[in-house]
Amino acid sequence: MAKLRVHNIAISLDGYIAGPNQGPENPLGEGGLRLHDWVWATRYAHQMDGADTGETGVDNDFMVAGDAGIGATIMGRNMFGPIRGPWADHEWQGWWGDNPPYHHDTFVMTHHTRPSLPMTGGTTFHFVNETPEEVVRQAFKAADGQDVRLAGGSSAIRQFLRAGLVDEMHLAVVPILLGAGERLYDDLGTLPGYEISSVVHSPAVTHVTFTKSA
């Protein structure tokens, strides 16, 4: 059965997946880029830039696994870009340039919809103002039997966790403190219905995987 999966979410020791004051010049907030130092070191990341270099090992394995078997992606409006409220225009097309790294239907949750946006490389962004349950339904239909990835940010992940819709969640715990920003753990309690299924260490981060238990 196809699953809704969260993968490679880098998180600080105090629970933040982005720093404060996010904006066009600071997409991950102040200090947030440090959360992804382990990513940039992997062979996976180097190959995305066309280089056959970078580190293999545990971190690289998790990066590769995050793309395996994914047929559609869901993300929140704040992950798509820094613009809040109604769209003044449709010039903003995401952080990723003309060829985003998804290459399939990608559903952006927003209270302010706009026409679907086809991009080079097969990514099409669909802007949806629906419940998590309905967004999952649409994404699974688009994925055509494959799994669906929930990419972030923190608010979107919390919505789907509270609804019990996430089947697997992988967090990469980075040994830094951000102190403020976009926090994942707010209003989640003890994550009833989920259990830790694996904990794997690398020299850079600790990979913690949760699976649905009920």
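The present account deals with the structure reproduced in this document. (Residues numbered from 1 in each chain as written. Predicted model: local features only at pLDDT ≥ 70, side-chain atom pairs only at ≥ 80, totals over all residues. Heavy atoms only, no water.)

### A look at unusual backbone geometry
A negative phi angle characterises most non-glycine residues, just as the trans form characterises most peptide bonds.
Right, so step 1: For the peptide bond that leads from Gly152 to Gly153, omega is -5°, which places it in the cis range.
Right, so step 2: For Asp144, which is not glycine, the phi dihedral falls at a positive 55°.
Right, so step 3: Of note in the backbone geometry, Asp187 takes a positive phi value of approximately 60° without being a glycine.
Right, so step 4: Of note, Asp187 is situated in the loop between strand S9 (182-183) and strand S10 (194-201). (Helix = DSSP H or I, 4+ residues; strand = E, 2+ residues; numbered from the N terminus.)

### A short note on the pairing of strand S6 (residues 124-128)
Right, so step 1: Among the 5 residues of S6, 5 are classified as buried, and the element is accordingly described as predominantly covered.
Right, so step 2: Going residue by residue along S6, you find Thr124, His126 and Val128 tucked away on one face and Phe125 and Phe127 tucked away on the opposite face as well.
Right, so step 3: Direction of pairing for strand S4 (residues 105-109) relative to S6: parallel, over a ladder of 5 bridges. In the strand pairing of S6, Asp105 is matched with Thr124.
Right, so step 4: Bridge count for strand S5 (residues 117-118) against S6 is 2 bridges, and the pairing is antiparallel. Each residue of the ladder has a partner; that of Pro118, found in S6, is Thr124.
Right, so step 5: Counted between consecutive antiparallel strands, the loop separating S5 from S6 contains 5 residues, among which Gly121 sits at a positive phi close to 90°. (Buried < 20%, exposed > 50% of the residue type's maximum accessible area, 1.4 Å probe, protein only. Pairing = 2+ DSSP bridges.)

### Quick look at the nonpolar core
Right, so step 1: Among the nonpolar cores identified, the biggest contains 29 residues, and Ile74, Leu150, Phe160, Val166 and Met169 are the most heavily contacted of them.
Right, so step 2: For this core, the secondary structure elements donating two or more residues are strand S1 (4-12), strand S3 (70-76), S4, helix H5 (132-143), strand S7 (147-150), helix H6 (154-162), strand S8 (168-174) and strand S11 (206-212).
Right, so step 3: The residues touching Ile74, leaving out its near neighbours within four places in the chain, are Leu4, Phe107, Met109, Val135, Val136, Ala139, Val148, Arg149, Leu150, Ala151, Gly152 and Phe160.
Right, so step 4: Membership of the second largest hydrophobic core comes to 13 residues, among which are Ala10, Leu35, Ile176 and Leu178. (Core = buried A, V, L, I, M, F, W, Y, C linked by side-chain atoms within 4.5 Å. Contact = heavy atoms within 4.5 Å.)

### Things to note about the sheet that holds S11
Right, so step 1: Spatial strand order, S5-S6-S4-S3-S7-S1-S8-S11-S10: 9 strands in an open sheet with mixed pairing. Every other strand in the sheet has two partners, leaving S5 and S10 as the edge strands with one partner each.
Right, so step 2: H5 rests against S1, S3, S4, S6 and S7 of the sheet, and its axis sits at about 150° to S3. (Axes fitted to C-alpha atoms, helices over the stretch in contact; angles between N-to-C directions.)

### Side note on the environment of Met63
Right, so step 1: Mapped onto the elements, Met63 comes out in helix H3 (residues 58-65).
Right, so step 2: Judged by relative accessible area, Met63 falls into the buried class, the value being 9%.
Right, so step 3: C-alpha separation for the pair Met63 and His7, spaced 56 residues apart in sequence, amounts to 8.1 Å.
Right, so step 4: Apart from the residues lying within four places of it in its own chain, the contact partners of Met63 are Asn8, Trp38, Val39, Thr42 and Tyr44.

### A word on the side chain of Thr209
Right, so step 1: Residue position: Thr209 is located in strand S11.
Right, so step 2: Given a relative accessible area of 14%, Thr209 falls into the buried group.
Right, so step 3: When near neighbours in sequence (up to four residues on either side) are disregarded, Thr209 contacts Phe62, Met169, His170, Glu195, Ile196, Ser197 and Ser198.

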